[in-house]
Amino acid sequence: MKKEPAVSRISAKQTVFQIIKFTFFSIGAGIIQAGSFTLLHEFARLPYWPAYLIGVVLSVLFNFTVNRRFTFKAANNIPVAMLKVAAYYVVFIPLSTWWGDALTQGAGWNEYLVLGGTMLVNLSTEYLFSRFVVYRGAMNTNQAAQKQQEKAQDTQEEKGKNLI
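A few points on the structure. (Residues numbered from 1 in each chain as written. Predicted model: local features only at pLDDT ≥ 70, side-chain atom pairs only at ≥ 80, totals over all residues. Heavy atoms only, no water.)

The subject of this paragraph is the overall build of the protein. Within the protein, the regular secondary structure consists of five helices and zero strands. Beginning at the N terminus, the succession of helices and strands in the protein can be written as α-α-α-α-α. The C-alpha radius of gyration computed for the protein amounts to 20 Å, which surpasses the reference 15 Å derived for 164 residues by more than 25%, pointing to a less compact arrangement than a globule. Projected onto its principal axes, the C-alpha positions of the protein cover 70 × 30 × 25 Å. Taking all 164 residues of the protein together, the buried fraction comes to 35%. When the accessible surface of the protein is summed, it comes to about 10,300 Å², and 68% of that surface belongs to carbon and sulfur atoms. Here the protein holds 16 positive side-chain charges and 9 negative ones, and the gap between their average locations is 7 Å. (Helix = DSSP H or I, 4+ residues; strand = E, 2+ residues; numbered from the N terminus. Rg over C-alpha atoms; globule rule 2.2 N^0.38 Å. Buried < 20%, exposed > 50% of the residue type's maximum accessible area, 1.4 Å probe, protein only. Areas by Shrake-Rupley, 256 points an atom, 1.4 Å probe, with all protein chains shown as cover. Lys, Arg positive; Asp, Glu negative; His and termini not counted. Charge placed at Lys NZ, Arg CZ, Asp CG, Glu CD.)

Below, the structure written as C-alpha cells:
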C-alpha cells in the first residue's frame, strides 16, 4: 500500500527560507529573461514586446521547474500546477507587455528600467500566487520533502532516547 504524503504547515522560519530560495531561483530566471531579451532586442533588433514575450516565457519554464521541485517541494499534479501558473501568466503577460510597450514606446522610458521594474512586480506577485494558489496544500509533499521529514523525525526520536 502506498503511503500518502503528510501535508504540513510551514513555520515562519521555513517561510522565510522559502522566500529566499524563491528569490534566488527567480534571479536565475531573471538572468535567462534579461539575457534572452538583450540578445533579441539588441542583436536581433526585435521591438520591446516580442523580445520581452520570448524572454518571459523562457524564464517561466525555468522558474516553474525549479521552484516546484526545490522551493515548494510539491508532488501535486504537474499539468494542473502548470495550468494554474499559466492562468497567472494569461493575466500578467498581456498587462506587462502592454505597460512595457506603453512606457518604452509611448513615454520614452529606458527598456531596461521598465524590464527591471516589471521583473520585480513579477517576482512578488508570482511568489504569492504560487504559495497561496498553485501549491496550497501541496507543499512539502514530494519524495525529497518526505525523506527530510522522516530524517528530522528520526533525529527527534534519537534525542528522546538519549534523554532517558
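In this model helix α1 (residues 12–43) runs 45 Å from its N-terminal to its C-terminal C-alpha over 32 residues, within 8% of the 46 Å that 1.5 Å per residue would give. Taken residue by residue, α1 has T15, Q18, K21, F22, S26, A29, G30, Q33, S36, F37, L40 and H41 as its buried positions. Buried residues along α1 sit against α2 (48–71) and α4 (111–134). Looking one or two residues beyond α1, the residue adopting positive phi is R45, at roughly 60°. (Expected span 1.5 Å × (residues − 1). Contact = heavy atoms within 4.5 Å.)

Once that is clear, we can look at the side chain of T118. Position of T118 relative to the elements: it lies in helix α4. Take T118: its relative accessible area is 2%, and that puts it in the buried class. One polar contact links the side chain of T118 to the main-chain carbonyl oxygen of V114, over a distance of 2.8 Å. (Polar contact = N/O pair within 3.5 Å; in protein donor to acceptor, adjacent residues only side chain to side chain.)

Next up on the list: unusual backbone geometry. For residues that are not glycine, phi is negative in most cases, and the peptide bond is trans in most cases. Here R45, not a glycine, exhibits a phi torsion of approximately 60°, which is positive. Inspection of the secondary structure puts R45 in the loop between α1 and α2. Positive phi, close to 60°, is recorded for N140, a residue that is not glycine.

With that settled, the discussion passes to the nonpolar core. The nonpolar side chains of soluble globular proteins are, as a tendency, buried together. The biggest cluster of nonpolar side chains holds 25 residues, and the ones touching the most others in it are Y52, Y89 and Y135. Elements with a minimum of two residues in this core: α1, α2, α3 (78–106) and α4. (Core = buried A, V, L, I, M, F, W, Y, C linked by side-chain atoms within 4.5 Å.)

Among the surface-exposed residues, V16, I20, F24, I27 and I31 lie close enough to one another that they form a single nonpolar patch of about 500 Å² accessible area. Within the fold, I27 resides in helix α1. Exposure remark for I27: the relative accessible area of 44% places this residue in the partly exposed category. (Patch = residues over 30% accessible without salt bridge, like charges linked within 9 Å, V, L, I, M, F, W, Y side chains within 5 Å. Salt bridge = Lys/Arg side-chain N within 4 Å of Asp/Glu carboxyl O.)

Further remarks concern the packing of α3 against α4. One can describe the packing of α3 onto α4 by two numbers: an axis separation of 10 Å at closest approach and a directional angle of 160°. Between α3 and α4, the interaxial angle falls into the category roughly antiparallel. Seen along the crossing, α3 lies across α4 with a hand that is right-handed. For the pair formed by α3 and α4, the contact residues are A81, K84, V85, Y88, Y89, F92, S96, W99, G100, L103 and T104 on the first element and E111, V114, T118, V121, N122, T125, E126, F129, V133 and V134 on the second. Taken together, the residues that form the contact of α3 with α4 break down as 12 nonpolar, six polar and three charged. (Axes fitted to C-alpha atoms, helices over the stretch in contact; angles between N-to-C directions. Parallel < 35°, antiparallel > 145°, perpendicular 65-115°, else oblique. Left-handed = near helix turned anticlockwise from the far one by under 90°. Nonpolar A, V, L, I, M, F, W, Y, C, P; charged D, E, K, R; others polar.)

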